Amino acid sequence: MIDMHSHLDLYPNPLAVAEKTNECNSFTLAVTTSPRAWQATSRIFSPYKNITVALGMHPEIVQQKVGELDLFLNLIPKVKILGEIGIDGSTRNNGNFQLQKKIFVTILIEAEKFGGKILSIHSRGAGEIVLKNIMKYSKNSRVILHWFSGTIEELKMAISLGCFFSLGPAALLSRRGRELAAKIPLDRILPESDGPFAMVNGKSIFPWESKQIHQSIANIHKIPERQISIQIKKNFDRLNES
């Protein structure tokens, strides 16, 4: 099993969850919310060979973490994957939108200096501006749009840019989510949990439950689940090609 976006450090009992995740999943990307969180989480999860910790600067808390930007930039050469990064266009974050954009662009530019990185990107309510900046600044990075919820036109633009899309069980609960998923090429889909924040039936999704999307996608496309599983493994391998 693969989970391309989990806040593994934020579960109520992260070490127990990490241990089971490491046993159940062949790969789990533990995204972080700040560079200091990355430093702590990397140390804690270092014994687990099937867990990779991504360097993050979550757009919803950039105002509190802007003082850590220099640390983030200094750490970029040490990591392969950056996440969670991006821009959040929700009304509650209007006050720091320009700061979010400035930090996001700075990160994209710096990532390119090191040949590009794998990027797990948040784009809620900001699809167009996120994609325009990816097009402008990310020539060598490989982009994964986490829980993409933009417009059909934004989806078409993302597909044309070669983006991958990480989808979780919670993202496919709504009709809108399933409609978007149906329009994503099968060779661009990756699984995620987005736990512990993403929930199904009032319960947090765990990283080993991200595989639930295999059956959901198979149902949407009316094809065997095994075909989806094989395709997702190919997508993961292609994402990680050097």
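Worth saying up front: this structure is predicted, and the values here are computed from it rather than measured. (Residues numbered from 1 in each chain as written. Predicted model: local features only at pLDDT ≥ 70, side-chain atom pairs only at ≥ 80, totals over all residues. Heavy atoms only, no water.)

S.K.: Got a minute to help me understand helix α10 (residues 225-239) in this structure?
M.R.: Given 3.6 residues to a turn, an α-helix orients residues that are three or four positions apart in the same direction. The terminal C-alpha atoms of α10 lie 21 Å apart, and with 15 residues this matches the ideal 21 Å at 1.5 Å per residue to within 8%. Those residues of α10 lying buried are Ile228, Ile232, Asn235, Phe236 and Leu239. Across the axial projection of α10, the buried residues extend over an arc of 95 degrees, all falling on one side. Summarising the geometry of α10, the exposed residues directed more than 90 degrees from the buried face are Arg226 and Lys234. (Helix = DSSP H or I, 4+ residues; strand = E, 2+ residues; numbered from the N terminus. Expected span 1.5 Å × (residues − 1). Buried < 20%, exposed > 50% of the residue type's maximum accessible area, 1.4 Å probe, protein only. Arc of directions from axis to C-beta.)

S.K.: What's the story with helix α1 (residues 14-24) in this structure? I'm lost.
M.R.: The complete set of buried residues in α1 reads Val17, Ala18, Thr21 and Asn22. In a view along the axis of α1, the buried residues occupy a sector of 135 degrees, so they form one face of it. The inward-facing, buried residues of α1 contact β2 (27-30), α2 (35-45) and β3 (51-53). (Contact = heavy atoms within 4.5 Å.)

S.K.: It is not clear to me how the sheet that holds strand β5 (residues 118-122) should be interpreted in this structure. Could you clarify?
M.R.: In sheet architecture, strand pairing relies on hydrogen bonds along the backbone and comes in two forms, parallel and antiparallel. Strand order across the open sheet formed by five strands is β4-β5-β6-β7-β8, with parallel pairing between neighbours. Strand pairing shows two members of the sheet lacking a second neighbour, β4 (81-86) and β8 (189-191), which therefore form its edges. In this sheet, neighbouring strand axes are inclined to one another by 30 degrees on average, regardless of whether the strands run parallel or antiparallel. Looking at chain direction, strand β7 (residues 164-167) and β8 are connected through three bridges and run parallel. Each bridged residue has a counterpart across the sheet, and for Ser166 the counterpart in β8 is Leu190. Strands in contact with α10 are β5, β6 (142-146), β7 and β8; relative to β8, the strand with the most contacts, it is inclined by about 100 degrees. (Pairing = 2+ DSSP bridges. Axes fitted to C-alpha atoms, helices over the stretch in contact; angles between N-to-C directions.)

S.K.: Could you clarify how one ought to interpret the packing of aromatic side chains in this entry?
M.R.: Counted under the stated rule, the structure contains five aromatic pairs. Centroid distance Phe27 to Phe236: 5.0 Å. Interplanar angle 50 degrees. Geometry classified as tilted. Taken together, the residues span a long stretch of sequence, with Phe27 in strand β2 and Phe236 in helix α10 at a distance of 209 residues. Per residue, the accessibility class of Phe27 equals that of Phe236, and both read buried. Within the aromatic cluster, the residues linked to one another by ring pairs are Tyr11, Phe206 and Trp208. (Phe/Tyr/Trp six-rings, centres within 6.5 Å; stacked < 30°, edge-to-face > 60°.)

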